[in-house]
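Observations on chain architecture
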Amino acid sequence: MKLISSMLLCSALAYSAQISADEKYNHFPSLDAPDLKTALCNLKSYNDKLLAITNHESLSAVDMVKVHELTYTLENALVKMQSDLAIMAADLEEVHLASEKLDQDSLKQYNKKYFAKSKLLTSPINCKS
């Protein structure tokens, strides 16, 4: 079994070495994160899967390949979260600046945008479709 697992890992690594470094590629299918809610749900689900594997006393070659596969979806989730956090920070800065200027219209406009995303980070999220 160890021989088969090692061969599987070596095959996966050999295949990945054949793909040029300047190409965008995925060895395995991954889930996209088109919005923050999806990113958070994917993060929760795939973190649970990753933890279940990495909590083993030792990791087999098959475990390592599964971890490799899971990271594609996790990376997609984190990229979306980083992007949305940057947008939230910019919106909050606009709220801050509007409050200094006593500009109620701008404050309300950017406050609405800020809370539309930030509430997903502070409230329980329903990941069921």
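The structure we're discussing is the one just above.
Here is what the cut-offs are and how they apply
- Residues numbered from 1 in each chain as written.
- Predicted model: local features only at pLDDT ≥ 70, side-chain atom pairs only at ≥ 80, totals over all residues.
- Heavy atoms only, no water.
- Helix = DSSP H or I, 4+ residues; strand = E, 2+ residues; numbered from the N terminus.
- Contact = heavy atoms within 4.5 Å.
- Disulfide = S-S within 2.5 Å.
- Buried < 20%, exposed > 50% of the residue type's maximum accessible area, 1.4 Å probe, protein only.
- Expected span 1.5 Å × (residues − 1).
- Bend = angle between axes of the 7 residues up to and from the residue.
- Axes fitted to C-alpha atoms, helices over the stretch in contact; angles between N-to-C directions.
- Parallel < 35°, antiparallel > 145°, perpendicular 65-115°, else oblique.
- Left-handed = near helix turned anticlockwise from the far one by under 90°.

To continue, consider the side chain of Asn-42. Checked against the element boundaries, Asn-42 lands in helix α2 (residues 36-54). Ignoring any residue separated from it by four or fewer positions in sequence, one finds Asn-42 in contact with Leu-31, Asp-32, Asn-47, Thr-73, Leu-74 and Ala-77.

With that settled, the discussion passes to the state of the cysteines. Following the criterion strictly, the structure yields 1 disulfide and no others. One disulfide bridge connects Cys-41 with Cys-127, the sulfur atoms lying 2.1 Å from each other. Its S-S torsion of approximately -90° makes the covalent link between Cys-41 and Cys-127 left-handed. Separated by 86 residues along the polypeptide, Cys-41 in helix α2 and Cys-127 in the segment after α4 (104-122) bring together distant segments of the chain. Judged by its relative accessible area of 13%, Cys-41 is buried.

Turning our eyes to something else, we now look at helix α3 (residues 61-101). Taking 1.5 Å per residue as the helical rise, α3 with its 41 residues ought to reach 60 Å, and the 60 Å between its terminal C-alpha atoms agrees with that figure. Along its length, α3 shows its largest kink, about 25°, at Thr-71.

Before going further, it helps to spend a moment on unusual backbone geometry. Despite not being glycine, Leu-102 has its phi angle at roughly 60°, a positive value. The topology assignment puts Leu-102 in the loop between α3 and α4. Judged by its relative accessible area of 73%, Leu-102 falls in the exposed class.

Helix length check: α2, at 19 residues, gives a terminal C-alpha distance of 26 Å against a target of 27 Å (1.5 Å per residue), a fit within 8%. The set of residues buried in α2 consists of Leu-36, Ala-39, Leu-40, Cys-41, Asn-42, Leu-43, Tyr-46 and Ile-53. Contacts from the buried residues of α2 go to α3 and α4.

Turning our attention to the packing of α2 against α3. Running from amino to carboxyl end, α2 crosses α3 at an angle of 155°, the nearest separation of the two axes being 9 Å. It follows that α2 is roughly antiparallel to α3 by the angle criterion. For the pair α2 and α3, the crossing hand works out as left-handed. Residues Leu-36, Ala-39, Leu-40, Asn-42, Leu-43, Tyr-46, Asn-47, Lys-49, Leu-50, Ile-53 and Thr-54 of α2 pack against Asp-63, Lys-66, Val-67, Leu-70, Thr-73, Leu-74, Ala-77, Leu-78, Lys-80, Met-81 and Asp-84 of α3.

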